[in-house]
Amino acid sequence: MNIDLHDRLRGVAVGATIGDALGMPLEFGPAILPDRLLRTMQSGRLPAGAFTDDTEMALALAESLLAHDPLDPADLAQRFVAWYRAGPADIGGQTRLALRRIGCGEPWEAAVAAVQAENPLSAGNGSIMRCWPVALARWADLDRLLADSRLQSQVTHPHPECVAGCAFLNAAIYYLAHGVNPPQAVTQALAQADLPDKLRQVVTAAPHKRRAELPNSGWVRHTLESAVWGLLTTDSFEEALVQVVNLGNDADTAGAVVGALAGATYGLDGIPAAWRAAVHGEWPLRSGQRWDVTRLIALADRLTGSSTGAPELP
Ligand SMILES: [Mg+2]
């Protein structure tokens, strides 16, 4: 693996987690006025710099990927259930309904099918927010990256837009990490991910939107719209995240998604040091183990298979 790719894949893990933490105090709030944008880690429902369910579920997925190759959706479902039982501070509605059923002994396929059948139009952002570990574990194999991105969504979010949204997001990370410029990476990811028409239109139009036109809700369409807008209308990691989390509403999840994209674009070295120093969380939940940027980097290296020795030079 060349050193730029290595740095960018580390940037995905750290970037997604920082976006989650930066957006945390703005979640459920209004959009912030352009001259008052939040640029530092602040406390909210959690202490300043703390990551939320977006990152916790990503860490569960990461550990499942490290334990099982190929990806085992039943194992992933059980790891999500263990997290749910530990009492996370935040959890999405669709995720909670699916995990409650799986935790009662239903096979994950039946549980998630029943939840989706009760609300067929439900297409939240709960699977795109956590899917980045697949992009790290499958960085060398685009076909497996696409398949496993879709499979990990199916465990809680089987709506076609959620499933395809994960494939799109991780394909974009793949191209960015391999050095493709952002507009081209989005175009190439669109060509790979087979998005339903409406979602494709939203993603394609995103860079032409104005701030005031971005609802940034928990709908997968709105989160991908905000994240692609943030990636394509800014030219640094910091500005991409600042612009997106200050849209308010589902700020932490949009922050996590644009953080993964921007991390793949600008690499670990492009991430502000103050944010790297502040980000933290507890994993596993209720274990007392504190996670910081060093552990996130070590996890990224394990996922990408470069945990031993220095990365090979190009
Ligand atoms: Mg969250």
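The text that follows walks through the structure, step by step, so that each part is easy to find. From a predicted model like this one, the values you see are computed outputs, not experimental measurements.

**So, the overall build of the protein chain**
Point 1. From N to C terminus, the protein chain includes 15 helices and two strands.
Point 2. In terms of overall size, the protein chain behaves like a compact globule, its C-alpha atoms giving a radius of gyration of 17 Å where 314 residues would be expected to give roughly 20 Å.
Point 3. For the protein chain, the C-alpha atoms occupy an extent of roughly 45 × 45 × 40 Å along the three principal directions.
Point 4. A burial count over the protein chain gives 55% of its 314 residues as buried.
Point 5. Put simply, of all contacts in the protein chain between residues at least 6 apart along the chain, 71% involve residues at least 24 apart.

**Some words on the packing of helix H1 (residues 3-23) against helix H12 (residues 237-245)**
Between two packed helices, what matters for the description is the angle formed by their axes and the separation of those axes.
Point 1. Running from N to C, H1 and H12 cross one another at 40°; their axes reach a closest spacing of 10 Å. In terms of their interaxial angle, H1 and H12 are classed as oblique. Seen from above, H1 lies across H12 with right-handed handedness. Judged by residue contacts, Gly15, Ile18, Gly19, Leu22 and Gly23 of H1 engage Phe237, Leu241 and Val245 from H12.

**Description of H12**
Point 1. Taking burial as the measure, the nine residues of H12 include seven buried ones, the bulk of the element.
Point 2. Taken together, the buried positions of H12 are Phe237, Ala240, Leu241, Val242, Gln243, Val244 and Val245.
Point 3. The secondary structure elements touched by the buried residues of H12 are H1, helix H11 (220-232) and helix H13 (251-266).

**Focus: the packing of H1 against helix H8 (residues 160-177)**
Point 1. Here H1 crosses H8 at 145°, and the two axes come no closer than 9 Å. Here H1 contributes Leu5, Arg8, Leu9 and Val12 to the contact with H8, which in turn contributes Ile173, Leu176 and Ala177.
Point 2. Residue composition of the contact of H1 with H8, grouped by class: six nonpolar, no polar and one charged.

**Digging into unusual backbone geometry**
Point 1. Residue aspartate 69 is joined to proline 70 through a cis peptide bond whose omega torsion reads 10°.
Point 2. Inspection of the secondary structure assignment puts proline 70 in the loop between helix H2 (53-67) and helix H3 (73-85).
Point 3. With omega at -15°, the peptide bond leading from tryptophan 283 into proline 284 counts as cis.
Point 4. For proline 284, the position within the fold is in the loop between strand S1 (281-282) and strand S2 (290-291).
Point 5. If you check the backbone angles, asparagine 216 has positive phi at about 50° while not being a glycine.

**Things to note about the environment of isoleucine 128**
Point 1. Turning to its location among the elements, isoleucine 128 is positioned in the loop between helix H5 (108-118) and helix H6 (132-137).
Point 2. A count of 30 C-beta atoms within 10 Å places isoleucine 128 in the buried class.
Point 3. Linking isoleucine 128 and cysteine 166, residues 38 residues apart in sequence, is a C-alpha distance of 5.1 Å.
Point 4. Isoleucine 128 has contacts with Cys162, Gly165, Cys166, Leu169, Val220, Thr223, Leu224 and Val257, leaving out every residue within four places of it along the chain.

**What to know about the nonpolar core**
Point 1. Of all hydrophobic cores here, the largest spans 108 residues; its most connected members are Val12, Ala172, Ile173 and Leu261.
Point 2. The element contributing the most residues to this core is H8, with 14 residues.
Point 3. Each residue touching valine 12, except ones within four places of it in the same chain, is listed here: Trp132, Ala135, Leu136, Ile173, Ala177, Ala260, Gly263 and Ala264.

**Structural notes on the environment of asparagine 170**
Point 1. Relative to the helices and strands, asparagine 170 is located in helix H8.
Point 2. In contact with asparagine 170, not counting residues within four places along its chain, are Cys131, Val134, Ala135, Leu145 and Ser149.

Procedures and definitions
- Residues numbered from 1 in each chain as written.
- Predicted model: local features only at pLDDT ≥ 70, side-chain atom pairs only at ≥ 80, totals over all residues.
- Helix = DSSP H or I, 4+ residues; strand = E, 2+ residues; numbered from the N terminus.
- Rg over C-alpha atoms; globule rule 2.2 N^0.38 Å.
- Buried ≥ 20, exposed ≤ 12 C-beta atoms within 10 Å, placed from the backbone.
- Contact = placed C-beta atoms within 7 Å.
- Axes fitted to C-alpha atoms, helices over the stretch in contact; angles between N-to-C directions.
- Parallel < 35°, antiparallel > 145°, perpendicular 65-115°, else oblique.
- Left-handed = near helix turned anticlockwise from the far one by under 90°.
- Nonpolar A, V, L, I, M, F, W, Y, C, P; charged D, E, K, R; others polar.
- Core = buried A, V, L, I, M, F, W, Y, C linked by C-beta atoms within 7 Å.

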